[in-house]
Amino acid sequence: MPQDDSWDAEASQQVARMNPGRPKAGFYAAVPDSEDDERPSSESGEDEEEFEEIEIVPVRAKLSIAIGGFAALLAVALALGAQITGPDGRLSYAVVLFGIQLLGLLAWTMALRPPAALAVAGVIAVSALIADYLAVTGTPAAALPLLYVAVAGFLVAVAGQFVRADDRQRAKDSWRTTLLIALGAVAYAILIVLTRQPLGAQAILVCSTGAGVALLIARVTDAVFPKPRIAAQVPRGAAGIVLGAMLGTLAAAMLGSYLVLPFTPAKGAVLGLVAAVAALLVDLAVNFGEAGRRLAGEAPTFWLARHMQGPLGGFALTAAAAYGLVHLYLT
């Protein structure tokens, strides 16, 4: 019995102090610690898998230069045609613009894929032709009748989309796309209206130069130095966008110094900046739209239509901006 009395609580505490590395009894053992250690590794593995899924679209240098060259040729055609257009030569300028309208309509229809695409393209082509006729013969020369034609063409195109049941379901979600196509096609007729106004031809020259230089420099810069990338899925660099806007504004300011009053270098810079930003934003929006359709798993469109819609849409918006600047800023 003396042995039982010697083993008390103090002796057990001394044994516990002599074995500090022994795990305690109960559910606070080594198992939960190992589970906690495994959780960060699994979570980091999931993060790595998500990071690897981001596709970085490469920049194709030759394609960027080709798109920039197309934009420059389009700017030269619009500016030169406006300068050589006289009272009896507006019909030839209208024929050239109608060809550009058909080219843009083809590109936008194939890229955006509205419901009942053939019907939409046919209706909007007729609307563009009517708008050109009104721009040449209308008295007085104004852009408001062209807006009425664009809205009427849009409504007829939407009505055609509701004929078939398959197209009817998609028409409710894609009416904005149809409206953009109608407005973009009719917008080129505004240039004919501007040639019939005192400052219109000079405004077309300045705005077309600013937009053309901006698109050309932005695309060439992307071919050489496409950094920093705007987005991993968009093959464009921020350096090209900024440099294009700056040089487009500079080119328009230089033109403003050579033109007659009320043009000045400052007013030329304002027109060039607005035109350059408008063209670059549309061109960049087209790239983001293509990236979104690619991520959604949609089939890619015809490559020529896919790459032309940016400059064509940019100059359509530039035409509307030039008309607004002539009437709200220069006069």
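Quick caveat, the model's predicted, so the values are computed rather than measured.

Reading the values: the criteria
- Residues numbered from 1 in each chain as written.
- Predicted model: local features only at pLDDT ≥ 70, side-chain atom pairs only at ≥ 80, totals over all residues.
- Heavy atoms only, no water.
- Helix = DSSP H or I, 4+ residues; strand = E, 2+ residues; numbered from the N terminus.
- Buried < 20%, exposed > 50% of the residue type's maximum accessible area, 1.4 Å probe, protein only.
- Contact = heavy atoms within 4.5 Å.
- Areas by Shrake-Rupley, 256 points an atom, 1.4 Å probe, with all protein chains shown as cover.
- pLDDT = per-residue confidence, 0-100.
- Patch = residues over 30% accessible without salt bridge, like charges linked within 9 Å, V, L, I, M, F, W, Y side chains within 5 Å.
- Salt bridge = Lys/Arg side-chain N within 4 Å of Asp/Glu carboxyl O.
- 1 Å grid on protein atoms, 1.4 Å probe; cavity = no way out; pocket = protein on both sides within 12 Å on 5 of 7 lines; lining within 4 Å.
- Points joined across faces, edges and corners; volume = space filled by probe spheres on them.
- Nonpolar A, V, L, I, M, F, W, Y, C, P; charged D, E, K, R; others polar.
- Expected span 1.5 Å × (residues − 1).
- Pairing = 2+ DSSP bridges.
- Core = buried A, V, L, I, M, F, W, Y, C linked by side-chain atoms within 4.5 Å.

**A few points about the overall build of the protein chain**
The helix and strand inventory of the protein chain stands at 14 helices and 2 strands. Per-residue burial over the protein chain gives 42% buried out of 331 residues. Sequence-distant contacts in the protein chain: of pairs separated by 6 or more residues, those separated by 24 or more amount to 77%. As displayed, the protein chain offers around 18,100 Å² of accessible surface, 67% of which is attributable to carbon and sulfur atoms.

**Description of the confidence of the model for the protein chain**
On average, the protein chain scores 83 in pLDDT, and the residues at 70 or more come to 82%. Averaged pLDDT values over the elements of the protein chain bottom out at 47 in helix H1 (residues 2-6) and peak at 95 in helix H11 (residues 200-224). The low-confidence segment residues 1-7 (pLDDT under 50) makes 1 contact with residues lying over four places distant or belonging to another chain. In this model residues 47-51 is a low-confidence stretch, pLDDT under 50, and it forms 0 contacts with partners more than four residues away in sequence or in other chains.

**Re the side chain of Ser 64**
Looking at where Ser 64 falls in the secondary structure, it is placed in helix H4 (residues 61-83). Among the residues examined, Ser 64 registers a relative accessible area of 5% and is labelled buried. Those residues within four positions of Ser 64 in sequence are excluded, and the remaining contacts are Val 59, Arg 219, Asp 222 and Ala 223.

**Observations concerning a nonpolar patch on the surface**
Together, Leu 144, Leu 147, Tyr 148, Val 151, Leu 155 and Leu 183 line one region of the surface with nonpolar side chains, adding up to about 550 Å² of accessible area. When residues in the nonpolar patch are grouped by element, the largest group, 5 residues, is from helix H7 (residues 144-161). The residue Leu 183 is located in helix H9 (residues 175-187) in this model. On the basis of relative accessibility, which here comes to 34%, the residue Leu 183 falls in the partly exposed class.

**Things to note about the layout of surface pockets**
Roughly 710 Å³ of volume is contained in the largest pocket. What lines the largest pocket is a set of 26 residues, and nearest its centre among them are Leu 180, Leu 183, Gly 184, Gly 313 and Ala 316. Elements represented by at least two residues in the lining of the largest pocket include exactly helix H5 (90-112), H7, H9, helix H13 (265-295) and helix H14 (303-330). Per-element accounting of the lining of the largest pocket gives the leading share, 7 residues, to H9. Of the residues that constitute the lining of the largest pocket, the class distribution is 20 nonpolar, 5 polar and 1 charged.

**A look at H5**
Taking 1.5 Å as the rise per residue, H5 with 23 residues should run 33 Å; its terminal C-alpha atoms sit 32 Å apart, in good agreement. For H5, the full list of buried residues reads Arg 90, Tyr 93, Ala 94, Leu 97, Ile 100, Gln 101, Gly 104, Leu 105, Ala 107, Trp 108, Thr 109 and Ala 111. Phi for Arg 113, located one or two positions after H5, is positive at around 55°.

**Considering empty space enclosed by the protein**
Under the definition given, this model contains 1 cavity of 30 Å³ or more. Estimated volume of the largest cavity: approximately 50 Å³. Lining the largest cavity, in full, are Leu 78, Leu 191, Ile 204, Cys 207, Ser 208, Phe 315, Thr 318, Ala 319 and Ala 322. For the lining of the largest cavity, the secondary structure elements donating two or more residues are H11 and H14. Ranked by residue count, the leading element in the lining of the largest cavity is H14, at 4 residues.

**Regarding the pairing of strand S2 (residues 234-237)**
Pairing geometry for strand S1 (residues 229-231) and S2, over 2 bridges, is antiparallel. Directly across from Ala 231, in S2, lies its bridge partner Val 234. Connecting S1 to the next strand, S2, in antiparallel fashion are 2 residues.

**With respect to the pattern of salt bridges**
Between side chains of opposite charge, a pair can form when the charged atoms approach closely. One pass over the structure, following the stated rule, counts 3 salt bridges. Here Asp 222 ties to Arg 236 by a salt bridge, and the two come within 2.5 Å at their closest N and O atoms. Of this pair, Asp 222 sits in helix H11 while Arg 236 sits in strand S2, and the two are 14 residues apart along the sequence. Each member of the pair Asp 222 and Arg 236 is classed as buried. Taking the shortest distance from any N to any O, the salt bridge between Asp 283 and Arg 236 comes out at 3.2 Å. Of the two residues, Asp 283 is situated in helix H13 and Arg 236 in strand S2; the sequence distance between them amounts to 47 residues. A single salt-bridge network, built from bridges that share partners, covers Arg 219, Asp 222, Arg 236 and Asp 283.

**Things to note about the nonpolar core**
Formed by 66 residues in total, the largest nonpolar core has its most connected members in Leu 78, Tyr 188, Leu 191 and Phe 315. The element best represented in this core is H14, accounting for 11 residues. In this view, Leu 78 contacts Tyr 93, Leu 97, Ile 100, Tyr 188, Leu 191, Ile 204, Ser 208 and Phe 315; residues no more than four positions away in its chain are not counted.

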